[in-house]
Amino acid sequence: MPHVGEVLVIGIDAGGTYTRLCARSNDGTPDLILNGDPANALRQGEARSASVLAELIRGALAQRQKYVLRAIHAGVAGAGSQGVQTNMARRLRRRLQLDQECIVAVSHDGITAIEGAFAGESGLLFIAGTGSGVLARTMDGETGHAGGWGYVIGDEGSGQALGRRGLAAVAHAIDGGPVTALSALLQERFGIADRDALLGAVFDRTWPIQQVAPLVLHTAEAGDLVTAHIVHSEVMALARQAEWLLKRVKNVDPRFAISGGLGKSKYYRKCLHHAVRAVWPESNMKRPQHSGLEGAVRLAVKQVVNGSDDFQ
């Protein structure tokens, strides 16, 4: 049986490409990190997403049996509404048969991302992964967001957007439009060399269009005019969302950071930095202090600390 004081919290960062879990105890034991399948509440659905999260949590608990689980905080892509968050928290509690002493919370993954990026302080965060969005936290601790409308009508500057427009550029080249270096790279990487192969990929719902985004960035950085235009127009659209958000959310520390897979690209960061300075001249770009996964763990710890001294 667990001893009193041996407490565990779990933070989860669930996105459209993969899901990560971090289990942290209060006795200095190294964190346990586990990886799982995508868990976007809109794309995979609430039930499937909750199943992915529950499976990871079970795996963590099996390796940390001596601890009492006190809190779970999951930042889940697509879980923007209160209804989805409440439903997923209930699903997790039911699937895992958790007692009421364990606090279970689900938020949008942007909340965990901005918590990690600025360690709970003020700033503006661009989420640029499979999807995209912009979040701001004021110096008073209030948050606001823009974007996050999904790949059908939004997700400007995201992996989905860059990949979709990159594939469209290749299609245009096949039709006789502007030539792009992306065509050769797409053939080399994915074997897509003609109309039939391209249509087969585009209409395969399981084919990850966002995988084309790094190729778009690579060719753009190398000087391809077609893909360079795609990147610059997409990051400008994302920067405009920040401009709109800052008109609604005041008193934000003039600094911004980028989270998500695209933020790992130096070229993407440079392009977005230029676009943001055009709409927010006084701002400075900072590297995120922590990841969204660490932000989820921090929020889980706060859930415990608010009710006890177990993690102080």
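First things first, this report covers the structure right here in the doc. (Residues numbered from 1 in each chain as written. Predicted model: local features only at pLDDT ≥ 70, side-chain atom pairs only at ≥ 80, totals over all residues. Heavy atoms only, no water.)

### So, the packing of helix α8 (residues 225-248) against helix α9 (residues 266-279)
So, step 1. Relative to each other, α8 and α9 sit at 45°, their axes nearing to 8 Å. Taken together, α8 and α9 sit at an angle that is classed as oblique. The element α8 and its partner α9 pack so that their crossing is right-handed. Contacts from Ala228, Val231, His232, Val235, Met236, Leu238, Ala239 and Glu243 in α8 reach Tyr267, Tyr268, Cys271, Leu272, Ala275, Val276 and Val279 in α9.
So, step 2. When grouped by side-chain class, the residues that make up the contact of α8 with α9 number 13 nonpolar, 1 polar and 1 charged. (Axes fitted to C-alpha atoms, helices over the stretch in contact; angles between N-to-C directions. Helix = DSSP H or I, 4+ residues; strand = E, 2+ residues; numbered from the N terminus. Parallel < 35°, antiparallel > 145°, perpendicular 65-115°, else oblique. Left-handed = near helix turned anticlockwise from the far one by under 90°. Contact = heavy atoms within 4.5 Å. Nonpolar A, V, L, I, M, F, W, Y, C, P; charged D, E, K, R; others polar.)

### A few points about the pattern of salt bridges
So, step 1. In this structure the tally under the stated criterion is 12 salt bridges.
So, step 2. Between arginine 137 and glutamate 115 there is a salt bridge, and its shortest N-O distance comes to 3.1 Å. With a gap of 22 residues between them, arginine 137 in strand β7 (residues 132-137) and glutamate 115 in helix α3 (residues 109-117) connect regions that are remote in the sequence.
So, step 3. On the basis of relative accessibility, which here comes to 1%, the residue glutamate 115 falls in the buried class.
So, step 4. Of the charged contacts in the structure, one is a salt bridge between glutamate 115 and lysine 302, with a shortest N-O distance of 2.9 Å. (Salt bridge = Lys/Arg side-chain N within 4 Å of Asp/Glu carboxyl O. Buried < 20%, exposed > 50% of the residue type's maximum accessible area, 1.4 Å probe, protein only.)

### Comments concerning the environment of valine 52
So, step 1. On the secondary structure map, valine 52 appears in helix α1 (residues 46-63).
So, step 2. On the accessibility criterion, valine 52 (2% relative accessible area) is buried.
So, step 3. A C-alpha to C-alpha distance of 8.1 Å links valine 52 and threonine 19, two positions 33 residues apart in sequence.
So, step 4. Apart from the residues lying within four places of it in its own chain, the contact partners of valine 52 are Thr19, Asp37, Pro38 and Ala39.

### Considering the sheet that holds strand β10 (residues 284-285)
So, step 1. If you walk across this open sheet you meet the 5 strands as β8-β7-β6-β9-β10, and the pairing is mixed. Each end of this open sheet is capped by a strand with a single partner; those strands are β8 (143-147) and β10.
So, step 2. Those strands touched by α8 are β6 (123-128), β7 and β8, and its axis lies near 30° from that of β7.
So, step 3. Sitting on the sheet, α9 touches β6, β9 (255-259) and β10, and the angle it makes with β9 is about 145°. (Pairing = 2+ DSSP bridges.)

### Comments concerning the sheet that holds strand β2 (residues 19-25)
In sheet architecture, strand pairing relies on hydrogen bonds along the backbone and comes in two forms, parallel and antiparallel.
So, step 1. Within the open sheet, the 5 strands sit side by side as β3-β2-β1-β4-β5. Their pairing is mixed. Unpaired on one side and paired on the other, β3 (32-36) and β5 (103-108) mark the two borders of the sheet. Pairwise comparison of adjacent strand axes, ignoring direction, gives a mean angle of 15° for this sheet.
So, step 2. Inspection of the sheet shows strand β1 (residues 7-14) paired to β2 by 7 bridges, in the antiparallel sense. For leucine 8, the partnering residue across the bridge sits in β2 and is serine 25.

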